[in-house]
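# Structural description and commentary
Read off the chains here:
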Amino acid sequence: MIEFDSLAAGRVIQRLRIERKLSQEVFSGFAGIARSHLAMIESGSKQPNFETIWRIANAFNIPPHELVRQIELEAMRD
């Protein structure tokens, strides 16, 4: 079984958000999650569940599987 890497997920989500020049406040509103929740995900202290990954991917306007793929690639770099 593959373990989900919360740190890699946080790095990818933060990188994509910054590339789009969005603050945590604005992006969390697009994703429908609390800013504090997004901050914990980006720091790696909270693991996003499937619904949250789905919401974040939709807010980035990418398919959820693409977000997961990017997280997997980031995790392999570690």
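What this report covers is the structure whose coordinates are included nearby. Every value quoted in this text rests on a predicted model; they were computed, and no experiment measured them. (Residues numbered from 1 in each chain as written. Predicted model: local features only at pLDDT ≥ 70, side-chain atom pairs only at ≥ 80, totals over all residues. Heavy atoms only, no water.)

### Things to note about the packing of helix H1 (residues 6–19) against helix H3 (residues 35–43)
Just so we agree on the cut-off: Only the contacting stretch of a helix is used when fitting its axis, a line to C-alpha atoms as for every element, and angles between N-to-C directions run 0 to 180 degrees. Labels follow the DSSP assignment, with helices taken as runs of H or I lasting at least four residues and strands as runs of E lasting at least two, numbered in each case from the N terminus. Residue contacts are defined here by distance: any two heavy atoms, one from each residue, within 4.5 Å place the two residues in contact. In the scheme used here, Gly and all other residues not listed as nonpolar or charged are polar, with Ala, Val, Leu, Ile, Met, Phe, Trp, Tyr, Cys and Pro taken as nonpolar and Asp, Glu, Lys and Arg as charged.
Where H1 contacts H3, the axes come no closer than 6 Å and their chain directions differ by 120°. Along its contact with H1, which presents Ser 6, Leu 7, Gly 10, Arg 11, Ile 13, Gln 14 and Arg 17, the element H3 presents Leu 38, Ile 41, Glu 42 and Ser 43. Partitioning the contact of H1 with H3 into residue classes produces four nonpolar, four polar and three charged.

### A short note on the nonpolar core
Quick note on the threshold: Side-chain atoms within 4.5 Å link the members of a nonpolar core, which is a set of buried Ala, Val, Leu, Ile, Met, Phe, Trp, Tyr and Cys residues. The rule is simple: take the accessible area with a 1.4 Å probe, protein chains only, and divide by the maximum for that residue type; under 20% is buried, over 50% is exposed, in between is partly exposed.
One finds Ile 13, Phe 27, Ile 56, Phe 60, Leu 67 and Ile 71 to be the most contacted residues of the largest nonpolar core, which totals 18 residues. The set of elements that each furnish at least two residues to this core consists of H1, helix H2 (24–31), H3, helix H4 (50–60) and helix H5 (64–77). Looking at this core, the element that brings in the most residues is H1, giving five residues. Setting aside residues up to four positions removed in sequence, Ile 56 forms contacts with Ile 13, Phe 27, Ala 31, Ile 33, Ile 41 and Leu 67.

### Remarks on the pattern of salt bridges
Counted only if it meets this: The term salt bridge refers to a pairing of a side-chain nitrogen on Lys or Arg with a carboxyl oxygen on Asp or Glu at a separation within 4 Å.
Summed over all chains, the structure comprises six salt bridges. A salt bridge links Arg 11 to Glu 74; the shortest N-O distance between them is 2.7 Å. Of the two residues, Arg 11 sits in helix H1 while Glu 74 sits in helix H5, which places them 63 residues apart along the sequence. The partner of Arg 77 in a salt bridge is Glu 74, with the nearest N and O atoms 2.8 Å apart. Placement of both Arg 77 and Glu 74 in helix H5 is noted, with a separation of three residues, approximately one turn of the helix. Judged by its relative accessible area of 61%, Arg 77 is exposed. Taking the relative accessible area as the measure of exposure, Glu 74 reaches 13% and is therefore buried. Connected through shared salt-bridge partners, Arg 11, Glu 74 and Arg 77 make up one network.

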